[in-house]
There are 2 protein chains.
Amino acid sequence: VRCEVIAVGTELLLGQIVDTNSAWIGEQLALAGIDAHYQTRVGDNQQRIVTALRVALERADAVIVCGGLGPTQDDITRAAIAEVMGVEMEHDANVEIRIRERFAARGREMPRNNLRQAQIPVGGKPIPQMPGTAPGLQCPIGDQVIYAVPGVPWELREMVTGTIVADLRRRAGASTQIRSRILRTWGYSESKLAELLAPRITALESFGNPTIAFLASGIEGLKIRITAKAAEEHAAAALLGEEERQIRTILGDNIFGCDEQTMESVIIDLLRERGMTLAVAESLTGGLVATRITDVAGASDVFHGSLTAYASAVKFELLELPRGPVVTSQAAEAMAQGVRRLLGADVGLATTGVAGPSSQEGQQPGTVFIGLAWTQGVDSRCVRLAGSRRLIRELTVISLLDFLRRELIAAPDANG
Amino acid sequence: VRCEVIAVGTELLLGQIVDTNSAWIGEQLALAGIDAHYQTRVGDNQQRIVTALRVALERADAVIVCGGLGPTQDDITRAAIAEVMGVEMEHDANVEIRIRERFAARGREMPRNNLRQAQIPVGGKPIPQMPGTAPGLQCPIGDQVIYAVPGVPWELREMVTGTIVADLRRRAGASTQIRSRILRTWGYSESKLAELLAPRITALESFGNPTIAFLASGIEGLKIRITAKAAEEHAAAALLGEEERQIRTILGDNIFGCDEQTMESVIIDLLRERGMTLAVAESLTGGLVATRITDVAGASDVFHGSLTAYASAVKFELLELPRGPVVTSQAAEAMAQGVRRLLGADVGLATTGVAGPSSQEGQQPGTVFIGLAWTQGVDSRCVRLAGSRRLIRELTVISLLDFLRRELIAAPDANG
């Protein structure tokens, strides 16, 4: 079964709202093994909604249309579906009762406008779940079907998981299971990854299952997505597991995490295992290292804190940095030692460099030094990054944490 | 001129990434007065990208296709465009040189894979802006045109604003000017804003121009967007200006900024005007206040730094907080005083509270204390916030900075 998703709303086209509903529905369809090849966004215009529905029905067996089911005159999804079905709308007395009940439950009377929501294309029927005041619809057209759900996320989610996915799976008969896994890497560029994995990609291409794709995601790392299809869930999982094993053999320690694991959560876990604590001194990252670390629930187990030393005086006085240039390897190392001592942690990390837009101490934007001080000594690296001020700061964070990750893995008994 | 947007990437369909690029492009097209009636998302599949391009070209004069221009084998947008144009691809030696230069600037050699990016459909040409290593394309098809831009946000943004919007406006001849302005507010809820502005909204409804919309945007504040249309730019600007004046009369100091002004940039400007410097002590925000402040270029004029005091020991020892509970008004005030002294700044700010998911010191998640210490004395507030761990942290940052903003406005000569 192929199912397309159409999101209705002029505010989506104007960029006033980002369409997160389609992404969420896409994920549910993928997990249910339903092919979803296209998603469309269209404004609150009946003729264009009709066009979008017709284009989708030429390519797919089912369409989920999302939004435009409210009580106002802009809400024309119902009328567009009736036009595509070639039928009139009729008043559904049971739906009217349910809408009135929803208002009554909140101690309010139903405004007259909401009567529009009880109008249903002839041949269609309401979706049983109705968490808000907007009824969803299921409207058959021959062997095909249009589902309509409101644009309010928690309302549509209940309808999609409660009715639509099950109905699509029933239509599909025994359907294919699709499973995917993301391996997160740091250390290789996207093209280098592609080069290293080319033999795997070529080997997989003849089967077309599983597939591999790359995704550069800034501070989230460079992701490799493996997607596998099979008749049964365990078979899809086995395909994923085997492909993951192959890729890990090729990339080794460059893979830092899987699926929801971030560089920060991995670092926190590694430190916790070793019973070690962490402190950070930040210059160009300005607090972003600390923000990312403390975004992980449970960070307080290992994280003592951080000093954002933005003014040079703070570097000299609190971190006891020797007076002189601050965008150097030596400065990064001294900052790491200084913050380790100041905050009483086992590991001190530091960033200094040029985020831009202007140069500093004769160094170009993107020139960054990262420092590490711990039981095993003091060390630093110079990394050269490209991109906007924000991206340079983000890539500095992941480079710094990856530096520590590799050192922790290389010295498993560092605190022992 | 009608322009559609197609975002390419299987990860978009699978819901692994939310398509924010299309929203941003939609906004730019709207501001330039270019009609954009449909947006489509399609996976990394050449035949389906071709179908999406053909459907779009049946309805529109121009298409912006976004993503799939990287160096790997799943980057097939170039080939799909060539197929729609009915032409071969050819190697562009100048583009190759530019890609090699990009790598050389980072001290790296161009991997062989990146040669794919110098393949261009015959008749197409590269977009002049090329901030990353992926060239954009402009490919005419008769009177129509396909623009291709990479999926990396900062790369595509430079191409869209630098070339594509201007080219579309040139194609459109004289068109209606649409201008919008965003007033950023903090202090009132969305429903309270709607209530206060109801008379304006009613007054505007009969004309339909300008229009007003609300958008709750977390750490960016609660936004009011005014949109005006006119034949000439200055007339649209005059409509905007008049409506802004009306809204400012109603909301006063609750409006903290306009368009690109953030709470952080406003605070930095207010401090700079007064010749004052700032230091921050962070507990639950974990570095996020500092990150937001240092995201503004020029923050170093006023920002000394921040201490993320995540471990209680750091609060007691470095900030000289009296031992005892740390989620209190008194703790927030003592932290603000401590960091002001420690980092030698005119103004000290502090956050302490419970981000969740668990309670702390018997306080529920969302209970937050913000403190201020400066020439005018010491003060604090308790705010109660709802939402996820991340949202509570974000709302704490804007609440804290708004607290300082109102105090600075109330005491214009505080440093004098």
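About the thresholds
- Residues numbered from 1 in each chain as written.
- Chains lettered and ligands numbered in written order.
- Predicted model: local features only at pLDDT ≥ 70, side-chain atom pairs only at ≥ 80, totals over all residues.
- Heavy atoms only, no water.
- Phe/Tyr/Trp six-rings, centres within 6.5 Å; stacked < 30°, edge-to-face > 60°.
- Lys NZ or Arg CZ within 6 Å of the ring centre and 35° of its normal.
- Buried < 20%, exposed > 50% of the residue type's maximum accessible area, 1.4 Å probe, protein only.
- Helix = DSSP H or I, 4+ residues; strand = E, 2+ residues; numbered from the N terminus.
- Pairing = 2+ DSSP bridges.
- Right-handed = clockwise from strand over helix to strand, strands pointing away.
- Expected span 1.5 Å × (residues − 1).
- Contact = heavy atoms within 4.5 Å.
- Core = buried A, V, L, I, M, F, W, Y, C linked by side-chain atoms within 4.5 Å.
- Buried area = accessible area lost by both parts, 1.4 Å probe.
- Salt bridge = Lys/Arg side-chain N within 4 Å of Asp/Glu carboxyl O.
- Polar contact = N/O pair within 3.5 Å; in protein donor to acceptor, adjacent residues only side chain to side chain.
- Axes fitted to C-alpha atoms, helices over the stretch in contact; angles between N-to-C directions.
- pLDDT = per-residue confidence, 0-100.

1. Concerning the packing of aromatic side chains
Right, on to step 1. Applying the stated criterion across every chain yields a total of two aromatic pairs over all chains.
Right, on to step 2. The ring of Tyr38(B) is capped by Arg59(B), whose NZ or CZ atom sits 3.7 Å from the centre of that ring.

2. Re the pairing of strand β13 (residues 278-282) of chain A
Along any regular strand the residues' side chains alternate between the sheet's two faces.
All names here are of chain A.
Right, on to step 1. With five of its five residues buried, β13 lies for the most part within the structure.
Right, on to step 2. On β13, burial covers both faces: Leu-278, Val-280 and Glu-282 on one face and Ala-279 and Ala-281 on the other are all buried.
Right, on to step 3. Direction of pairing for β13 relative to strand β14 (residues 303-309): parallel, over a ladder of five bridges. Residue pairing in the sheet places Leu-278 in a bridge with Phe-303 of β14.
Right, on to step 4. At this point the chain moves from β13, through helix α10 (residues 288-294), to the parallel β14, and the crossover so formed is right-handed.

3. Here's the deal with helix α4 (residues 77-85) of chain B
Residues and elements named next belong to chain B.
Right, on to step 1. Most of α4 is tucked away, with seven of its nine residues classed as buried.
Right, on to step 2. Of the positions making up α4, those classed as buried are Thr-77, Arg-78, Ala-80, Ile-81, Ala-82, Val-84 and Met-85.
Right, on to step 3. Downstream of α4 by a residue or two, Gly-86 has a phi angle that is positive, lying close to 70°.

4. Details of helix α12 (residues 329-342) of chain A
All names here are of chain A.
Right, on to step 1. Across its 14 residues, α12 extends 20 Å between first and last C-alpha, which sits within 8% of the 20 Å expected from 1.5 Å per residue.
Right, on to step 2. Ala-331, Ala-332, Ala-334, Met-335, Ala-336, Gly-338 and Val-339 are the residues of α12 that are buried.
Right, on to step 3. In the stretch just after α12, Gly-344 is the one whose phi turns positive, near 60°.

5. With respect to the environment of Ile226(A)
Residues and elements named next belong to chain A.
Right, on to step 1. Mapped onto the secondary structure, Ile-226 falls in strand β11 (residues 222-230).
Right, on to step 2. Between the C-alpha atom of Ile-226 and that of Leu-137, which follows or precedes it by 89 residues, the distance is 35 Å.
Right, on to step 3. Those residues in contact with Ile-226, other than ones at most four positions away along the chain, are Arg-179, Ser-180, Arg-181, Leu-183, Pro-210, Thr-211, Leu-240, Glu-243, Glu-244 and Ile-247.

6. Points about the nonpolar core
Right, on to step 1. In terms of nonpolar packing, the biggest core is built from 48 residues, with Leu307(A) and Leu307(B) touching the most fellow members.
Right, on to step 2. Those residues within four positions of Leu307(A) in sequence are excluded, and the remaining contacts are Val280(A), Ala281(A), Glu282(A), Val314(A), Leu318(A), Leu319(A), Val339(A), Leu342(A), Ser306(B), Leu307(B) and Leu343(B).
Right, on to step 3. Counting residues in hydrophobic clusters, the runner-up holds 43 residues, among them Val296(A), Leu349(A), Phe403(A) and Leu404(A).

7. Some points on the interface of chain B and chain A
Right, on to step 1. In this complex, chain B contributes 71 residues to the contact, which on the side of chain A involves 75 residues.
Right, on to step 2. Together chain B and chain A conceal approximately 6000 Å² of surface at their shared face, both sides included; 54% is due to carbon and sulfur atoms.
Right, on to step 3. The interface formed by chain B and chain A holds seven salt bridges in total.
Right, on to step 4. Among the salt bridges present, the one from Arg393(A) reaches Asp295(B), with a minimum N-O distance of 3.6 Å.
Right, on to step 5. Inspection of the region where chain B meets chain A yields 36 residue pairs in polar contact (both at pLDDT 80 or more).
Right, on to step 6. If you list the elements that add at least two residues to the side of chain B that touches chain A, you get α1 (10-13), α2 (20-31), β2 (38-42), α3 (46-59), α10 (288-294), β14 (303-309) and α13 (389-410) of chain B.
Right, on to step 7. A per-element tally of the side of chain B that touches chain A places β14(B) first, with seven residues.

8. A word on the sheet that holds strand β10 (residues 211-216) of chain A
All names here are of chain A.
Right, on to step 1. Reading across from one edge, β10-β11-β9-β12 is the order of the four strands in this open sheet, with antiparallel pairing throughout. At either end of the open sheet lies a strand with only one pairing partner, and these are β10 and β12 (255-258). The mean angle between the axes of side-by-side strands here comes to 25°, regardless of whether they run parallel or antiparallel.
Right, on to step 2. Relative to β11, β10 is paired through six bridges, and the arrangement is antiparallel. Looking at the pairing, Leu-215 lines up with Lys-223 of β11.

9. What about the pattern of salt bridges?
Residues and elements named next belong to chain B.
Right, on to step 1. For the structure shown, the criterion picks out 53 salt bridges over all chains.
Right, on to step 2. A salt bridge links Arg-41 to Asp-19, with the shortest nitrogen-to-oxygen separation between them at 3.8 Å. Linking Arg-41 in strand β2 with Asp-19 in the loop between α1 and α2, this pair joins segments that are 22 residues apart in sequence. The burial state of Arg-41 is the same as that of Asp-19; both residues are buried.
Right, on to step 3. Between Glu-233 and Arg-179 there is a salt bridge, with its nearest N and O atoms 3.2 Å apart. Of this pair, Glu-233 sits in helix α8 (residues 233-251) while Arg-179 sits in strand β9 (residues 177-185), and the two are 54 residues apart along the sequence.

10. Focus on the sheet that holds β2(B)
Right, on to step 1. Across the sheet, 12 strands lie side by side as β6(A)-β7(A)-β8(A)-β3(A)-β1(A)-β2(A)-β2(B)-β1(B)-β3(B)-β8(B)-β7(B)-β6(B); this open sheet has mixed pairing. Pairing within the sheet leaves two strands with one partner each, and these edge strands are β6 (125-126) of chain A together with β6 (125-126) of chain B.
Right, on to step 2. As paired elements, strand β1 (residues 3-8) of chain A and strand β2 (residues 38-42) of chain A share four bridges and run parallel to each other. Counterpart to Ile6(A) in the pairing with β2(A) is Thr40(A).
Right, on to step 3. Along the sheet, helix α2 (residues 20-31) of chain A makes contact with β1, β2 and β3 (62-66) of chain A together with β2 of chain B, crossing β1(A) at roughly 165°.

11. Overview of the environment of Leu222(B)
Right, on to step 1. Locating Leu222(B) in the fold gives a position in strand β11 (residues 222-230).
Right, on to step 2. Distance from Leu222(B) to Pro71(B), taken between C-alpha atoms, is 40 Å for residues 151 residues apart in sequence.

12. Notes on the confidence of the model for chain A
Right, on to step 1. Per-residue pLDDT for chain A averages 91, and the proportion of residues at 70 or more is 99%.
Right, on to step 2. This prediction of the complex comes with two scores: 0.77 for pTM and 0.76 for ipTM.

13. Comments concerning the pairing of strand β8 (residues 144-149) of chain A
All names here are of chain A.
Right, on to step 1. Counting buried residues in β8 gives five out of six residues, a clear majority hidden from the surface.
Right, on to step 2. Taken together, the five bridges between β3 and β8 define a ladder with parallel strand orientation. By the bridge assignment, Ile-64 is partnered in β8 with Tyr-147.
Right, on to step 3. Examined bridge by bridge, strand β7 (residues 137-141) and β8 share five bridges and lie antiparallel to one another. Looking at the pairing, Cys-139 lines up with Ile-146 of β8.
Right, on to step 4. The antiparallel hairpin formed by β7 and β8 contains two residues in its connecting segment, where Gly-142 sits at a positive phi of about 60°.

14. As for the side chain of Thr351(B)
All names here are of chain B.
Right, on to step 1. Mapped onto the elements, Thr-351 comes out in strand β15 (residues 347-353).
Right, on to step 2. You can call Thr-351 buried: its relative accessible area is 0%.
Right, on to step 3. Polar contacts involving the side chain of Thr-351 include one to the side chain of Thr-285, which spans 2.8 Å.
Right, on to step 4. Sequence-distant contacts of Thr-351, defined by excluding residues within four places in its chain, comprise Ala-281, Glu-282, Ser-283, Leu-284, Thr-285, Val-289, Met-335, Phe-369, Thr-396 and Leu-400.

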